[in-house]
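Fold and contact review
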Amino acid sequence: MLRTRFAKPLYVLLAIAGVVLLIACVNLASLMLARASARRHEMGIRMALGASRSRLTRQVLTESVTLSIAGALGAFAFAWWSSRALSDFILSQIFIVPAELNLAPDWRILGFTAGAAILTVILFGWAPAWRATREDPNAAVQKNARTIARSSGALGKALIIAQVALSLV
């Protein structure tokens, strides 16, 4: 009975949460891309000093992985906490007598959260890492930081457009 009564509202809630997650990912990707743009001078100096492209890519991806793991752990903790509040809300709408409804996340939810975190790193961490290491070291060292920070590529503009479009939806 509970499944048929609350299936549609929970699917709507799932869709809204997915759109909000997508907006947050696009926002973080544009922030990471802007940060990589601002760090071109630093990356150019590191490359001029002998750092390899793979080392710089690993550094930028490590930052992305750290951010993604922190977000995944925070999301799982929030899901654990809010599951009880959601079950209390659902049961208060139906029963006057206290009942039990277990909505706590299990290993499948943890696996999905870990998979989403890995996918987020791959999709939104790779572009800034690739962009940061493709700059010519000589040109990056000769440019000043203000010129680098002001330059915005097509990917950055596309991410801003996608974020605004998703926010309107």
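Remember, predicted model here, so these are calculated numbers, not experimental data.

Analysis parameters
Residues numbered from 1 in each chain as written. Predicted model: local features only at pLDDT ≥ 70, side-chain atom pairs only at ≥ 80, totals over all residues. Heavy atoms only, no water. Helix = DSSP H or I, 4+ residues; strand = E, 2+ residues; numbered from the N terminus. Buried < 20%, exposed > 50% of the residue type's maximum accessible area, 1.4 Å probe, protein only. Contact = heavy atoms within 4.5 Å. Areas by Shrake-Rupley, 256 points an atom, 1.4 Å probe, with all protein chains shown as cover. Patch = residues over 30% accessible without salt bridge, like charges linked within 9 Å, V, L, I, M, F, W, Y side chains within 5 Å. Salt bridge = Lys/Arg side-chain N within 4 Å of Asp/Glu carboxyl O. pLDDT = per-residue confidence, 0-100. Core = buried A, V, L, I, M, F, W, Y, C linked by side-chain atoms within 4.5 Å. Expected span 1.5 Å × (residues − 1). Bend = angle between axes of the 7 residues up to and from the residue. Arc of directions from axis to C-beta. Phe/Tyr/Trp six-rings, centres within 6.5 Å; stacked < 30°, edge-to-face > 60°.

**A short note on the overall build of the chain**
- When its secondary structure is counted, the chain shows 7 helices and 0 strands.
- Starting at the N terminus and walking to the C terminus, you meet the elements of the chain as α-α-α-α-α-α-α.
- Within the chain, buried positions represent 28% of all 169 residues.
- Here the analysis covers contacts within the chain between residues at least 6 apart in sequence; of these, 78% occur between residues at least 24 apart.
- Carbon and sulfur atoms make up 70% of the accessible area of the chain, which totals about 11500 Å².

**Here we look at the side chain of Gln 59**
- Looking at the element boundaries, Gln 59 is found in helix 3 (residues 53-94).
- Excluding anything up to four places from it in sequence, Gln 59 contacts Arg 39, Glu 42, Met 43 and Arg 46.

**Overview of a nonpolar patch on the surface**
- Taken together, the side chains of Val 12, Ile 16 and Val 20 make up a nonpolar region of the molecular surface, amounting to roughly 270 Å² of accessible area.
- Here Val 20 lies in helix 1 (residues 2-38).

**Re the confidence of the model for the chain**
- Mean pLDDT over the chain works out to 77, with 86% of the residues at or above the 70 mark.
- Mean pLDDT in the chain bottoms out at helix 6 (residues 145-150), which sits at 48, and peaks at helix 3, which reaches 82.

**Some details on the nonpolar core**
- Ala 36, Met 43, Met 47, Leu 56, Val 60, Leu 61, Ala 129 and Ala 132 together form the largest nonpolar core, which totals 8 residues.
- Among the secondary structure elements, those contributing two or more residues to this core are helix 2 (40-48), helix 3 and helix 4 (107-133).
- Element by element, the count of residues in this core is highest for helix 3, at 3 residues.
- Ignoring anything within four residues of it in the chain, the contact list for Ala 132 reads Ala 36 and Met 43.
- If you look at the next biggest cluster of nonpolar residues, it comprises 6 residues, including Cys 25, Val 26, Leu 33 and Leu 159.

**Overview of helix 4**
- Between the first and last C-alpha of helix 4 there are 37 Å, a value that for 27 residues agrees with the 39 Å anticipated at 1.5 Å per step.
- The largest bend in helix 4 amounts to roughly 35 degrees and is located at Gly 125, with the proline Pro 128 lying one to four residues further along.
- Along helix 4, the residues that are buried comprise Thr 113, Ala 117, Val 121, Phe 124, Gly 125, Pro 128, Ala 129, Arg 131, Ala 132 and Thr 133.

**A look at the pattern of salt bridges**
- Here the structure, examined in full by the defined rule, presents 2 salt bridges.
- Of the charged contacts, one joins Glu 42 and Arg 46 as a salt bridge, the two residues approaching to 3.0 Å between their closest N and O atoms. In this pair, Glu 42 and Arg 46 are both assigned in helix 2, 4 residues apart and thus about one turn of the helix distant.
- The exposure class assigned to Glu 42 is partly exposed, which follows from its relative accessible area of 26%.
- Assessed through its relative accessible area of 35%, Arg 46 is described here as partly exposed.
- Taking the shortest distance from any N to any O, the salt bridge between Arg 108 and Asp 106 comes out at 2.7 Å.
- With relative accessibility at 27%, the residue Asp 106 sits in the partly exposed group.

**Digging into helix 2**
- For helix 2, the full list of buried residues reads Arg 40, Met 43, Gly 44 and Met 47. The arc enclosing the buried residues of helix 2, seen along the axis, measures out at 100 degrees, which places them on a common side.

**Thoughts on the packing of aromatic side chains**
- This model, assessed by the stated rule, comprises 2 aromatic pairs.
- Relative to Trp 80, the ring of Phe 76 has its centre 6.3 Å away and its plane inclined at 40 degrees; by these criteria the two rings are tilted. Note that Phe 76 and Trp 80 are positioned in helix 3 at a spacing of 4 residues, about one turn of the helix.
- Seen in terms of ring centroids, Phe 78 and Trp 81 are 5.7 Å apart; in terms of plane orientation they differ by 40 degrees. Their pairing is tilted. With Phe 78 and Trp 81 both in helix 3 and 3 residues apart, this pair spans about one turn of that helix. We note that Phe 78, like Trp 81, is exposed.

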